[in-house]
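The residues making up each chain are set out below.
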Amino acid sequence: MASSNSKSTYETARKSFKILLTNPRIKVSWVKAHAGNIGNERADQLAKDATQHGQPYSHTKLPKPHIKGLLRKRMLEEWQTSWKNGDTGKNIYNTMPSVSLPPTNWIREDVISQHGPFPAYLKRFHLSDNDYCSCGGIGTTLHYATECIYTVSWHMRKPAPNFEQKWLKRVANNLVSRQKIRGIIKFISENRDLFRPN
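Just so it is clear, the model here is predicted, and its values are computed rather than measured. Numbering of residues starts from 1 in every chain and runs along the sequence as written. pLDDT decides what is reported in this predicted model: residues at 70 or higher carry local features, side-chain atom pairs at 80 or more are listed and counted, and totals for whole chains, interfaces and linings draw on all residues regardless. Where side-chain values are given, they derive from all heavy atoms of the structure, hydrogens and water being excluded.

A. Fine view of the overall build of the chain. A tally of regular secondary structure across the chain gives eight helices and zero strands. Runs of H or I in DSSP of at least four residues are treated as helices and runs of E of at least two as strands, each being numbered from the N terminus. Listing each helix as α and each strand as β along the chain from the N terminus yields α-α-α-α-α-α-α-α. A simple rule labels every residue: compare its accessible area, found with a 1.4 Å probe on the protein chains alone, to the largest value its type can have, and call it buried under 20%, exposed over 50%, or partly exposed in between. By the burial criterion, 22% of the 198 residues in the chain qualify as buried. Note on contacts: a residue pair qualifies if any of its non-hydrogen atoms lie within 4.5 Å across the two residues. Long-range contacts, defined as pairs at least 24 residues apart, comprise 40% of the intrachain contacts of the chain with a sequence gap of at least 6. Here, Shrake-Rupley sampling with a 1.4 Å probe gives the accessible areas, and only protein chains in the shown set may cover a residue. Carbon and sulfur atoms make up 55% of the accessible area of the chain, which amounts to about 15,200 Å² in all.

Rendered as structure tokens:
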């Protein structure tokens, strides 16, 4: 009988054992079923009512780490779906298509995106009248990273148009390239007047 074992894994059995210990006048014995014993018949009726009309109850207890793991997995799946199907951040998505909980060691400037102190970005949000760099080119991130005469110290090889996304991914995963991007952003931020066309 489970209730006679104080180390039982069943909570109900442990509670019953404690009650029996604190109340020595309570006696537990076997009773033949359906033999007209009033107490036993009442217990049978209550058990039957509970199974037919009561709330389902499970004795199975999952360990907290297991539940946390299931929730983490579900959250990551939903986040990944949202990231994949979302309307914003597609340039970043093409570089980093997978979500993850461990933070990357990247800062915003490490990822070439359309955001930043670039004329093309500023014009898009009506913060500038035109999208030209003062060197004459269209002031995009790719322009500054590969061809602008003012950022030649940080230039990288320009990708072929059909390989631009692969190139962006390689740049984002290369520490030297990421340092060059930081240098470009810092230089542009500190010398904004130089990059505005006259």
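B. A look at the pattern of salt bridges. The salt bridge criterion pairs a side-chain nitrogen of Lys or Arg with a carboxyl oxygen of Asp or Glu, the two atoms within 4 Å. Scanning the entire structure with this criterion turns up two salt bridges. Between Glu147 and Lys158 there is a salt bridge; the shortest N-O distance is 3.0 Å. In this pair, Glu147 is assigned in the loop between helix H6 (141-146) and helix H7 (164-172) and Lys158 in the loop between H6 and H7, connecting sequence segments 11 residues apart.

C. Summary view of the nonpolar core. Residue types Ala, Val, Leu, Ile, Met, Phe, Trp, Tyr and Cys, when buried and joined through side-chain atoms within 4.5 Å, form a set referred to as a nonpolar core. Within the largest apolar cluster, 15 residues are counted, with the highest numbers of intra-cluster contacts made by Phe118, Tyr144, Met156 and Trp167. Listing elements by their share of this core, those giving two or more residues are H6, H7 and helix H8 (175-190). No other element matches the four residues that H8 contributes to this core.

D. The arrangement of a nonpolar patch on the surface in detail. Taken together, the side chains of Leu62, Ile67, Leu70 and Leu71 make up a nonpolar region of the molecular surface, amounting to roughly 370 Å² of accessible area. Within the secondary structure, Leu71 sits in helix H3 (residues 64-85). A relative accessible area of 56% places Leu71 in the exposed class. For patch detection, residues must exceed 30% relative accessible area and be free of salt bridges, and they are connected within 9 Å for like charges or within 5 Å for nonpolar side chains (Val, Leu, Ile, Met, Phe, Trp, Tyr).

E. The arrangement of the side chain of His143 in detail. In this fold, His143 is placed in helix H6. In this view, His143 contacts Cys133, Cys135, Gly137, Ile138 and Cys148; residues no more than four positions away in its chain are not counted.

F. Quick peek at the state of the cysteines. Here, two cysteine sulfur atoms that lie within 2.5 Å of each other are counted as a disulfide. Under the counting rule described, the total for this entry stands at zero disulfides. As a non-bridged cysteine, Cys133 has Cys135 as the owner of its nearest cysteine sulfur, 3.6 Å distant. Take Cys133: its relative accessible area is 2%, and that puts it in the buried class.

G. Region of interest: the confidence of the model for the chain. A residue's pLDDT is simply how confident the predictor is in it, with values from 0 to 100. Averaged over the chain, the pLDDT score is 78; the fraction of residues at 70 or greater is 82%. Summarising per-element confidence for the chain, the mean pLDDT is lowest in helix H4 (residues 90-95) (69) and highest in H3 (88).

H. Quick look at H8. Multiplying one less than the number of residues by 1.5 Å gives the expected span of a helix. When the terminal C-alpha atoms of H8 are compared, their 23 Å separation across 16 residues agrees well with the 22 Å that a helix rising 1.5 Å per residue should span. Taken as a whole, H8 has its buried residues at Ser177, Arg178, Ile181, Gly183, Ile184, Ile185 and Ile188. Lining the buried residues of H8 we find H6 and H7. Two or three places before Val176, at the opening of H8, Asn174 has a side-chain oxygen 2.9 Å from that residue's backbone nitrogen. By the criterion applied in these results, polar contacts are pairs of N or O atoms within 3.5 Å in which, for protein atoms, one can donate a hydrogen and the other can accept it, and in which residues neighboring in sequence qualify only through two side-chain atoms.

I. Here's a closer look at the environment of His34. Tracing the chain through its elements places His34 in the loop between helix H1 (11-22) and helix H2 (38-53). C-alpha separation for the pair His34 and Asp44, spaced 10 residues apart in sequence, amounts to 8.7 Å.

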